[in-house]
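# Fold and geometry: a report
For reference, the chains in residue letters:
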Amino acid sequence: MADEDLIFHMECLDNAKLTKASSGNYHDADSEEEDNYYICPITDDPVASKAASSKVSNYYSNLAKNGQYSSSSSPRNTFHFKEAWKHAIEKAKHMPDPWAEFHLEDVETENATRYRYNAVTGEWVEDEVLIKMASQPFGRGAMRQCFRTKKLSNFLHTQNWKGAFNYVAKRYIETVNRDVYFEDVRLQMEAKLWGQEYNRHKPPKQVDIVQTCILEMKNRPGKPLFHLEHYIEGKYIKYNSNSGFVRDDNIRLTPQAFSHFTFERSGHQLIVVDIQGVGDLYTDPQVHTESGADFGDGNLGVRGMALFFHSHSCNKICKSMGLTPFDLFSKEKDALFRSNKLLESAKTMVRGTEEKCGSSRVRTISGSRPPLLFRLSENSGDESMSDVPFDSLPNSPSSATPHSQKIDSPHWPVFNEVDNLVHKDHEGLDNQRDSENGGDSGYPSEKRSELEDGDHRERGHSNDNRRHESDEDSLGSSARVSVERWNLYNAARVHIHRPSCVAVEVQRLNALELEKKIGKSILGKVHLAMVRYHEAGRFCEKDSEWDQASAVFHLEHAADCGELEAIVGLGLMYSQLPHHILSEITLEDTEENRIKGFGYLYRAAEAGDRPSMIFVARAYDTGLNLAPDRGRDWKEALHWYNAALNMTDYDEGGEYDGTQDEPRYLLLAREAEMLMAGGFRLDKDPQRSGELYTEAAEVAMQAMKGRLANQYYQKAEEAWAMMEE
């Protein structure tokens, strides 16, 4: 390979460096995927670092053999990795400017305030920059338009605009609240941490999320805001969307595996989707969270998670990293058959050295958990520690550790060896350029992707004590907080990796107390969202029948995960009673189904569902709708009537939730009647019966039921008369 065909582009990550072959035909020996990138891992793993160094060493050895690189002795013995980076930087400095023809250096210089988000601390950093921005947009998407921009490095002592770096400034076409700009940046920077967490598991190809910040044009009327990103050259591709779309004409394994990874590694609390960009450098992702409350209208919550998994078929990377397939019905799996065939044609090669998603060997070395996880639902939080080994890994990019645990700083390095070499030996060098290109993907999405451009990192002088003021848009070394700060930003609870399959989730829930089982599984909510999409016809062709069997399948899985609505719905469905969910479906009336239905409703009663309590009580009381394998039992009926009566949500008139279905006085009167008569394992108790009739009369009077109250008073007298006899 000729020297001019290899240009290393520095990407100052915690544990990875992006590289590119300018000819577009250089590939990692282990990953022959058809794109213009490979990732050279520079990690704390000495094996990975040695392998990366070996690639560059071999390259320069070949140059030396051809007389293009001189060394006093054998290149293999004298090669230093820092020399490769120096050479790469010099090559990058002399790259031609793809925007030279637009003469942005002649545009008026503007002062702007730049806002950068630190995803580690959750804080915003503000500084002043000089820019030149074209007056007319060079492209536009569905929501934003893009302007060519150059920004002068804060570390350059002269205003050499011809040497300034190319950026893309993006502005919303329609007027939006200024908070939207800040929310977009926060989303993208927190998504970047998940990219770094993914890279720590040594996938075949590493990923990165574009750095972005906000410019406030303070000298323009209204001080308009712009998003600012480095300009990238290359083929822009949208791999998946936030609404279930998956590109299949250029099948890739990494983007889909990355999304799946974020779901499991976050303990189901979020998933990063809408993966698009150049190679594995992604821009403008979307995050679905359990609550659906963060990150604007593109956050579809558990519905978005359901849309992803309905179209996701686990690939070789998913399997090598220990990610578990999401449970789908046989018909749904058949629908993914074409995607499965396309996956076989993908050229990424799994090396067999990938770390499992829950591997105890993968430790986070920089920063703390993204502040996003502090704001997410507690549903999968505290109880998780009761059913997992103490050595289980947390599930977030900078995973939390209980405050009671002592952290040994030698085991949590702030910098790795190669990073130190790069930082030390490149202080004083000018900013470097790499370029990749964006374009309008044109693919359907509920969020609708704009014309997007990717990331270019700049490197600036780093001297004295100014490293924290680096002109990089990335957090760079400043984001690698000390152990003390790492502790400061830790969450009080530990999140763990959770597989995507219901079988493992049920095992976790079974280890919890009853009250912590119901409604505490995000995975169950995802399956319930699947049910609603099927019932609404989202997953079928227009005017065709929707898949009822798959809907019931997901309803059962949601019930297994403790979703009360699913449990009640299945109970009514199997019992041949009216049901509001999947109301069009009628199941076969068999003894087995009736037993199953009563079991679901009994489970709902145990979970605190008042209508189910009353259903079970009346079934044991009258025998109506009772499971064939059970008999009338007034003692059991009295227990469930009491449970329903002890619910506290009554209004002043004695009604429950303002309805007339099961007023309190009727339940009290029925209890009194059973205790007066006795039978079906229930002993007579006239005294208690009289007390209950009296209480029922008082509640009836409050409900303006005077005639009925008089009847209850009369019954109470009869019960007490039985005592005297």
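All values derive from a computational prediction rather than experimental measurement. (Residues numbered from 1 in each chain as written. Predicted model: local features only at pLDDT ≥ 70, side-chain atom pairs only at ≥ 80, totals over all residues. Heavy atoms only, no water.)

Now for the sheet that holds strand β12 (residues 236-238). Strand order in the open sheet made by the four strands is β9-β15-β14-β12, with mixed pairing throughout. Of all the strands in the sheet, just β9 (208-209) and β12 have a single pairing partner and so form its edges. Here β12 pairs with strand β14 (residues 276-278) via three bridges, running antiparallel. Bridge pairing in β14 places Ile237 opposite Gly277. (Pairing = 2+ DSSP bridges. Helix = DSSP H or I, 4+ residues; strand = E, 2+ residues; numbered from the N terminus.)

Viewed as axis vectors pointing N to C, helix α20 (residues 634-645) and helix α21 (residues 664-677) meet at an angle of 155 degrees, and their least axial separation amounts to 10 Å. In terms of orientation, α20 lies roughly antiparallel with respect to α21. Once α20 is placed against α21, the crossing between them reads as left-handed. Listed contacts from α21 to Trp634, Ala637, Leu638, Tyr641, Asn642, Ala644 and Leu645 of α20 are Arg664, Leu667, Leu668, Arg670, Glu671, Met674, Leu675 and Ala677. (Axes fitted to C-alpha atoms, helices over the stretch in contact; angles between N-to-C directions. Parallel < 35°, antiparallel > 145°, perpendicular 65-115°, else oblique. Left-handed = near helix turned anticlockwise from the far one by under 90°. Contact = heavy atoms within 4.5 Å.)

On to α21, then. Between its terminal C-alpha atoms α21 stretches 21 Å, which fits the 20 Å expected from 14 residues at 1.5 Å a residue. Burial analysis of α21 places 10 of its 14 residues in the buried class, the great majority of the element. Those residues of α21 hidden inside the fold are in contact with α19 (610-622), α20, α22 (686-702) and α23 (706-724). One or two residues past the end of α21 sits Gly678, with phi positive at roughly 70 degrees. (Expected span 1.5 Å × (residues − 1). Buried < 20%, exposed > 50% of the residue type's maximum accessible area, 1.4 Å probe, protein only.)

A separate point is the nonpolar core. Leu555, Leu582, Phe598, Val616, Trp640 and Tyr712 are the most contacted members of the largest nonpolar core, which totals 63 residues. Setting aside chain neighbours within four positions, we find Phe598 in contact with Ser575, Phe615, Val616, Ala619, Tyr620, Asn625, Leu626, Ala627 and Arg630. Core analysis: the next-biggest nonpolar cluster, separate from the first, contains 27 residues, Ile237, Phe258, Leu343 and Ala346 among them. (Core = buried A, V, L, I, M, F, W, Y, C linked by side-chain atoms within 4.5 Å.)

This part is about the packing of aromatic side chains. For any pair of aromatic rings, the description rests on two quantities: the centre-to-centre distance and the angle between the ring planes. For the structure shown, the criterion picks out 23 aromatic pairs. Ring centres of Tyr117 and Trp124 lie 5.1 Å apart, and the angle between their planes is 55 degrees; this geometry places the pair in the tilted category. With relative accessibility at 3%, the residue Tyr117 sits in the buried group. Grouped by ring-pair contacts, the aromatic residues Tyr198, Tyr239, Phe258, Phe261 and Tyr282 constitute a single cluster. One cation-aromatic arrangement involves Arg148 over Trp99; the distance from NZ or CZ to the ring centre is 5.6 Å. A cation sits over an aromatic face here: Arg148 above Phe102, 3.6 Å from the ring centre. (Phe/Tyr/Trp six-rings, centres within 6.5 Å; stacked < 30°, edge-to-face > 60°. Lys NZ or Arg CZ within 6 Å of the ring centre and 35° of its normal.)

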